[in-house]
Amino acid sequence: MSEQDRSGDVDGTGPGGQSEDGAFGISQRVQETPPSGIRRFFELAEEAEDVISLGVGEPDFSAPWAARDAAIHSLEQGQTAYTANRGKRELRAEIARHVDAEYDLQYDPDEEILVTTGVSEGIDVALRAVVDPGDTVAVPDPTYVSYAPGVTFAGGEICQIPTTEDEFRLTPEAMAEAGADEADVLLYCYPNNPTGAIMPREELAAVAEFCREHDLVVLADEIYADLTYGQEHVSIATLPGMRERTIVFNGFSKAYAMTGLRLGYAMGPPEVIEACNRIHQYTMLSAPTTPQHAAIEALRSCDDEVDEMVEEYDRRRRFVLSRFEELGMDCFEAKGAFYVFPEVPGGDAEAFAEELLTEAGVAAVPGDVFGDGGAGHLRVSYATGLEDLKEAMDRIEAYLES
Amino acid sequence: MNERELLDLLLADARRSTEDLARMLDADEAAVDDAIERLEEDGVVGGYQAVVDWGEVDEERVVALVELNVTLDRETSYADIAERLARFPEVQTLQLVSGDYDFDMRVEGDSMREVSRFISDKVAPVPEITQTVTHYVMDTYKDRGVNFGDGDDDDRLSVSP
Ligand SMILES: Cc1ncc(COP(=O)(O)O)c(C=O)c1O
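Criteria and thresholds
Residues numbered from 1 in each chain as written. Chains lettered and ligands numbered in written order. Predicted model: local features only at pLDDT ≥ 70, side-chain atom pairs only at ≥ 80, totals over all residues. Heavy atoms only, no water. Core = buried A, V, L, I, M, F, W, Y, C linked by side-chain atoms within 4.5 Å. Buried < 20%, exposed > 50% of the residue type's maximum accessible area, 1.4 Å probe, protein only. Helix = DSSP H or I, 4+ residues; strand = E, 2+ residues; numbered from the N terminus. Disulfide = S-S within 2.5 Å. Domains from an automatic or database assignment. Contact = heavy atoms within 4.5 Å. Salt bridge = Lys/Arg side-chain N within 4 Å of Asp/Glu carboxyl O. Polar contact = N/O pair within 3.5 Å; in protein donor to acceptor, adjacent residues only side chain to side chain. Nonpolar A, V, L, I, M, F, W, Y, C, P; charged D, E, K, R; others polar.

Turning our attention to the nonpolar core. Among the nonpolar cores identified, the biggest contains 143 residues, and A:L186 and A:I236 are the most heavily contacted of them. Looking at which element gives the most residues to this core, the answer is helix 12 (residues 303-327) of chain A, with nine residues. Within the second largest apolar cluster, 18 residues are counted, among which are B:L68, B:V91, B:F103 and B:V107.

As structure tokens, this is what we get:
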């Protein structure tokens, strides 16, 4: 059996087909981590027929052609070797230029930027680089599904900060009440998955002040930063006194529709990026090479394509919000990412989502999957063509009337 | 309402209902109707047409791209020549271009014979026209932003984080 065959197992049967109670004692950390609720819903959706999915957390566009073309060209040139641990120097320089122009963030490409295998890897190495056993990581609730498991794998404890009452934004009051003043790290994504909420400058400044006062460092997942509507994204690292206590994560998955190419980056003060790189250089060596070529081209020449995608998302967003309003499903005005987060009638999101799937043929993820704070809500992704969105909303309407 | 955005929406798909356009523009339907009427009246929007892939239709349809060279004199301008040519229904597109020739003309007809006849009988004899070069279109892959290929399949998982 080849090496690849042996390690190609993802579904719980061990090497050579042994079951979970085979030779391996599965680690405590993994046993403590429940399988993703997304997965269960995925399986349900796969079984149903004629389903329109509003459950997809990735763009429906393909990466801009110029970026794909650059990747193909690099393969034709035989550029298939590892890159520098931190990523190609040329790419880091483009990233530095890009984040300066777009977000007023200044980072040194040599010491303060690490190219990672998706933001996913960036957050994983950062958590492992800064969290000691027993440290507490505060996260908004609801939030992206990978944070709590990531904290567990790093040996930390989670402190959840309810945001449901504040239109899914963080406030110092809710942070204090949740005990986040005792936490060591704040980890969040704004624009937010699953709610589409963003943090306007003033609210963000209040959170920054809380972090300075209580000495929290911030892991800011800004992967949806380019996808805001009618309001510019503000990075917390641009606020006074925050650069030295923040790692900013961004990547190519969402804005450049490159999810499958697995490329992101982390930016922060030299000592913490060096620490992240210490893990990355041993466990990943370098982020994949071909996507790095695509990314250089994406940053150089694909601004127009990104703008067009953002405009298209915005139209769909307005369409969906207007339809939910008409259907009488309460939905706050999400201004970021590609999600809206309406309340479900009756309040039981799991039951509603399951019925919607089986009775109406529309898949959307129940908010509970993203934490207790998401209960009673549905994550509706509008990363789907307008024709399908229209049809899906019509189906929801018919279902509500039945 | 942002008229430029309305134009973008119509350019992408002119068959959307006013209701849907209004939702996407966050405007009322009456305002959208007014804006469309204004665009039409002002000549900004000259018409609405389907983008047809003739390769998929069981019927012959011939498209030719014709390069035209002309000489001007004191009495005749480019616009005069263009006006004369544009009257022919066979002429689908007529543009003055920079480079080796003057006009770029797209002609459509039901057969090669018909198109050739049109060019030799109606276009070439125009006194100011000194030369015509006709290129018959053999296959169309993309027209006015619409790809005629199979398109990209959606290979995403139906539910993902
Ligand atoms: C908030 C958030 N962070 C990170 C990721 C993963 O990003 P990447 O593809 O760069 O690993 C996602 C993907 O859904 C996300 O929603």
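It is worth spelling out the state of the cysteines at this point. When the sulfur atoms of two cysteines share a covalent bond, that bond is a disulfide. Residues and elements named next belong to chain A. Scanning the model with the defined rule gives zero disulfides over all chains in all. Between C159, a free cysteine, and C211, which holds the nearest cysteine sulfur, the sulfur-to-sulfur gap is 12 Å. In this model C276 remains outside any disulfide bridge; the closest cysteine sulfur is found in C211, 18 Å from its own.

This brings us to the domain arrangement of chain B. Taken as a whole, chain B is organised into domain 1 (3-41) and domain 2 (54-139). Taking only C-alpha atoms, the centre of domain 1 of chain B and the centre of domain 2 of chain B are 34 Å apart.

Now for the domain arrangement of chain A. All names here are of chain A. Domain assignment breaks chain A into domain 1 (3-57 + 305-401) and domain 2 (65-301). In this structure, domain 1 and domain 2 have C-alpha centres spaced 23 Å apart. Taken residue by residue, the interface counts 31 residues in domain 1 and 30 residues in domain 2. Counting across the domain 1 and domain 2 interface gives zero salt bridges. Where domain 1 touches domain 2, the interface holds 13 residue pairs in polar contact (both at pLDDT 80 or more). Ranked by the residues each element gives to the side of domain 1 that touches domain 2, the list is headed by helix 12, at seven residues. Of the residues assigned to the side of domain 1 that touches domain 2, the class counts are 16 nonpolar, seven polar and eight charged.

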